[in-house]
Amino acid sequence: MPGFKADFLWGGAVAAHQLEGGWQEGGKGVSVADVMTAGAHGIPREITDGVLPGKNYPNHDAIDFYHRYKDDIKLFAEMGFKCFRTSIAWTRIFPKGDELEPNEAGLQFYDDLFDECLKYNIEPVITLSHFEMPYYLVTEYGGWRNRKLIDFFVRFAKTVFTRYKSKVKYWMTFNEINNQANYHEDFAPFTNSGLKYKEGEDREPVMYQAAHYELVASALAVEAGHAINPDFQIGCMIAMCPVYPLTCNPDDMMMSVSAMHRRYWFTDVHVRGYYPRHLLNYFARKGFNLDITDEDLQILKRGCVDYIGFSYYMSFATKATADNPQLDYDETKSLVKNPYVKASDWGWQIDPVGLRYSLNYFYDLYQLPLFIVENGFGAIDQKESDGSVNDQYRIEYMQSHLREMKKAVVEDGVDLMGYTPWGCIDLVSAGTGEMKKRYGFIYVDKDNEGNGTLERSRKKSFWWYQQTIKSNGENL
Ligand code: P53
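Keep in mind the model is a prediction, meaning the values are calculated, not measured.

Regarding the nonpolar core
- In terms of nonpolar packing, the biggest core is built from 140 residues, with Trp144, Phe153, Trp171 and Met405 touching the most fellow members.
- No other element matches helix H8 (residues 203-228), which puts twelve residues into this core.
- Those residues in contact with Phe153, other than ones at most four positions away along the chain, are Trp90, Leu128, Ser129, Trp144, Thr173, Phe174, Ala217 and Ala221.

Printed below as a string of structure tokens:
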């Protein structure tokens, strides 16, 4: 039976701010992640005005990958990783974000990190902006509500493309750029775009404006990257949570279409280079007056991505309601529980078939190579007295998802580049700032309060994933 490509990119994924620590080392500036405190399930992380004394900022030290990366990459190599997805912390390269010259110590750190990967034939897969933009750009410029951010981002992108052009081939521009479709909460607008809303401000057009500037910046980066090295593969990165209709009532079906429009138009622009008609009509209906120039529209056409990177953790469901005849989607109100699936301790619905559905959705629409750059199970792990962690539930989550992924490739013919499960080593949760929401194959001895030896150890899933990679997914 045919299976995955011989050069399938098995690996793992992380983001700089969630594991590096060393938040002030090597000239690094303060990022948006550095001003977010620890929360918990149902308790949002607080976004403080700068770094305040007496608060717990879990990203400051994280799991100290900044100093321990050699040992950690050795463990990834032991699992057989073909690739390793991480991000370049923008604030290590441009500490404030608007400098003209980069910070050499930051550039050197990533040279060393990529060399260490390449030593084991592990391909780096690099995200440019993963919830860690310079905080200075928030306070001085208002984040991505400001067009000037395009220049700052493109300078950053060109700097790292040029520096690492012979070390890194796979890139992504903005992590989960579509999270901010949920502009009703404070988290995604801040982490995606450095947006802090003013009291009483109409949030929605601000979100669309920021996203537009990011899409222009992404297109300019793609264009520049291809000029720097024509072999570069530069993708977008979409948070894929497909929104199902709760029932086959046609009104529920249309509500799901509307929800998908609101969450996934970002992919259309990245891939096709133009705005979908439904969104332009929506802007007109809402009376949004956005700064989208003719030149921007030309740029979008020139900077289409090479592949679609996406995360997949869960699916959503929605239904039509009588008080919403225009099918407007509000992520804080429009979602309902899916009675057919279970959920994690953090309420994330577990739906392996949804991964096959998502792969088909993207491939049917765009026919571009796909790359699953995040998937995984955030859970509370129990360390036994002998030091082992028997995370059978994590193996079952991944195995069930990999089986559906395989059907999408073998039966449906989807072109899939690779699979990098999230948090291959335990790290700080983005959504809650907790350590106890663990994803790793490698356990890290650190708790929510920041106590622990930081010692690394192999969980049961480590050996399972090692076998899975070794057999190229033959024995799923
Ligand atoms: P945590 C929401 C929905 C889907 C993915 O998330 C999300 C989020 C934001 O929390 O984020 C991605 O750590 C993100 C990673 C993040 C991972 O999913 O909240 O790209 O940075 O850690 C898992 O459990």
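Now, onward.
Focus on the site of the ligand
- With respect to spatial proximity, 16 residues lie near the ligand, and among them Gln18, Glu374, Ala430, Lys437 and Tyr439 are the closest.
- Asn175 is positioned such that a nitrogen or oxygen atom in its side chain is 2.9 Å from an oxygen atom of the ligand.
- Note that an oxygen atom of the ligand is positioned 2.7 Å from one of the side-chain N or O atoms of Glu374.
- When isolated, the ligand has an accessible area of 480 Å², and the protein chains bury 93% of it.
- Tallied by class, residues from the shell around the ligand come to eight nonpolar, five polar and three charged.

Quick word on the UniProt feature "active site" (unreviewed entry) in the chain
- Per the UniProt record, the feature "active site" (unreviewed entry) sits at Glu374.
- Mapped onto the secondary structure, Glu374 falls in strand S11 (residues 370-374).
- Using a relative accessible area of 4% as the deciding quantity, one classes Glu374 as buried.
- One polar contact links Glu374 to Arg85, side chain to side chain, over a distance of 2.9 Å.

Focus on the packing of helix H4 (residues 104-119) against helix H6 (residues 148-163)
- Relative orientation of the contacting elements H4 and H6 amounts to 45°, with a least axis distance of 11 Å. Here H4 lies oblique to H6, going by the angle between them. Of the two possible hands of crossing, H4 and H6 adopt the one that is right-handed. Residues Glu104, Leu107, Gln108 and Asp111 of H4 form the contact with H6, whose own contacting residues are Thr159, Val160 and Arg163.
- Among the residues forming the contact of H4 with H6, the class breakdown is two nonpolar, two polar and three charged.

Analysis parameters
- Residues numbered from 1 in each chain as written.
- Predicted model: local features only at pLDDT ≥ 70, side-chain atom pairs only at ≥ 80, totals over all residues.
- Heavy atoms only, no water.
- Core = buried A, V, L, I, M, F, W, Y, C linked by side-chain atoms within 4.5 Å.
- Buried < 20%, exposed > 50% of the residue type's maximum accessible area, 1.4 Å probe, protein only.
- Helix = DSSP H or I, 4+ residues; strand = E, 2+ residues; numbered from the N terminus.
- Contact = heavy atoms within 4.5 Å.
- Near = heavy atom within 4 Å.
- Polar contact = N/O pair within 3.5 Å; in protein donor to acceptor, adjacent residues only side chain to side chain.
- Areas by Shrake-Rupley, 256 points an atom, 1.4 Å probe, with all protein chains shown as cover.
- Nonpolar A, V, L, I, M, F, W, Y, C, P; charged D, E, K, R; others polar.
- UniProt positions renumbered as here; feature names shortened; annotations may be inferred.
- Axes fitted to C-alpha atoms, helices over the stretch in contact; angles between N-to-C directions.
- Parallel < 35°, antiparallel > 145°, perpendicular 65-115°, else oblique.
- Left-handed = near helix turned anticlockwise from the far one by under 90°.

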